[in-house]
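The residues making up each chain are set out below.
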Amino acid sequence: MLSDVHNHLYAVADPDEVVRESRERGVGLIVTNAEEIDTARKCIALAQKHDIVYAAVGIHPEYALKLPESSLAEVERLLNEEKVVAIGEIGLDYKFARSREEKDRQMLFFSKQLALAKEYDLPVIVHSRRAHRPVVETLIDSGVTADLHWFSGPIDDVINAVDHGIYFSFGPAVLHYDAYRAVVDVVPLDLMMLETDMPVRFGGGEARPWWVRQVAEFIADVKKTSVDNVIEHTWKNARRFFRV
Ligand SMILES: [Zn+2]
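In this text the structure is predicted, and so the values were computed from the model without any measurement. (Residues numbered from 1 in each chain as written. Predicted model: local features only at pLDDT ≥ 70, side-chain atom pairs only at ≥ 80, totals over all residues.)

Undergrad: Account for unusual backbone geometry, with residues named and values stated.
TA: The omega angle of the peptide bond from Gly-153 to Pro-154 is 5 degrees, so this bond is cis rather than trans. Position of Pro-154 among the secondary structure elements: in the loop between strand 6 (146-149) and helix 7 (155-163). Residue Pro-199 follows Met-198 across a cis peptide bond; omega there is 10 degrees. Looking at where Pro-199 falls in the secondary structure, it is placed in the loop between strand 8 (192-194) and strand 9 (201-202). (Helix = DSSP H or I, 4+ residues; strand = E, 2+ residues; numbered from the N terminus.)

This is the structure in structure tokens:
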């Protein structure tokens, strides 16, 4: 079955309708990712309403710059809710963090959420922008099971992450940026998952979970294997990663 392990289901106009159509089009697993506390609650509510939906809760690096540290205690409380299967999305984003203080602030939130992941034995879904080296090194140091979402390189960091068993989720961006061919080539099928980052727009429209089929077609082309094989691997990987 198809799986979309990183999106923001709460951000579309009619999430219930998207779930219904996703199911109809062969999607069996959707993981909706929070950005902060309010969206974490929305993720949990959607997950508890729909059997194929699961929630990742956490503070996005952009919000690490805006929220008090006490919001991390709120994240911890939400980890006990039913259908919460990961901490996400968390990470570093140096587009938003420019000064030393801002970068330290993001690292504090990132590290503390990795510590929570360890304590609660949960995987993490990781956002990385212009911060690839520190993100990969921090993840390796933490030893937490991690997925790098929408990660485009540099290829040295991809190889380093692969060597340490870090997963990669690929979305419709692979169809629009040439750099992805090399990344997909290097990441083994056993460490790949599919995502859309819905409601991000690609080619003029909001992404939808079933778009992962096109991503699987791209991966099959690079890996010189069948689309069915890619779909089967990514499905098994997602179930192993989230333990669902
Ligand atoms: Zn996202």
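Undergrad: Before we move on, can you summarise helix 8 (residues 179-186) with the specific residues and values?
TA: What helix 8 keeps buried is the set Tyr-180, Val-183 and Val-184. Down the axis of helix 8, the sector holding all buried residues measures 95 degrees, keeping them to one side. Packed against the buried residues of helix 8 are helix 7, strand 7 (167-170) and helix 9 (212-223). (Buried ≥ 20, exposed ≤ 12 C-beta atoms within 10 Å, placed from the backbone. Arc of directions from axis to C-beta. Contact = placed C-beta atoms within 7 Å.)

Undergrad: Pulling in residues and values, what's your account of the pairing of strand 6?
TA: Neither face of strand 6 is open: one carries Ala-146 and Leu-148, the other Asp-147 and His-149, and all of them are buried. Pairing of strand 5 (residues 124-129) with strand 6 involves three bridges; the strand directions are parallel. Within the sheet, the bridge partner assigned to Val-124 lies in strand 6 and is Ala-146. Of the crossover connections in this fold, the one passing from strand 5 over helix 6 (residues 132-142) to the parallel strand 6 is right-handed. Sheet topology places strand 6 next to strand 7; three bridges connect them, and they run parallel. Within the sheet, the bridge partner assigned to His-149 lies in strand 7 and is Ser-169. (Pairing = 2+ DSSP bridges. Right-handed = clockwise from strand over helix to strand, strands pointing away.)

Undergrad: For the nonpolar core, give the residues involved together with the corresponding values.
TA: Counting 75 residues, the largest nonpolar core has Cys-43, Ala-56, Val-57 and Val-124 as its most contacted members. Counting residues per element, this core draws most heavily on strand 4 (residues 84-93), at six residues. If we ignore the near neighbours within four places in the chain, the residues touching Ala-56 are Val-31, Asn-33, Ala-34, Cys-43, Val-85, Ala-86, Ile-87, Gly-88, Glu-89 and Ile-125. (Core = buried A, V, L, I, M, F, W, Y, C linked by C-beta atoms within 7 Å.)

Undergrad: Mind laying out the sheet that holds strand 7, listing which residues take part and the relevant values?
TA: Adjacent strands of a sheet pair through backbone hydrogen bonds, lying either parallel or antiparallel. Read across the open sheet, the eight strands follow the order 1-2-3-4-5-6-7-8; overall the sheet is parallel. Two strands lie at the open edges of the sheet, namely strand 1 (2-7) and strand 8, each paired on one side alone. The mean inter-strand angle of the sheet, taken between neighbouring strand axes irrespective of direction, is 25 degrees. In this sheet, strand 5 lies alongside strand 4 in parallel orientation, the contact comprising five bridges. Opposite Ile-90, over in strand 5, you have Val-126 as the bridge partner. (Axes fitted to C-alpha atoms, helices over the stretch in contact; angles between N-to-C directions.)

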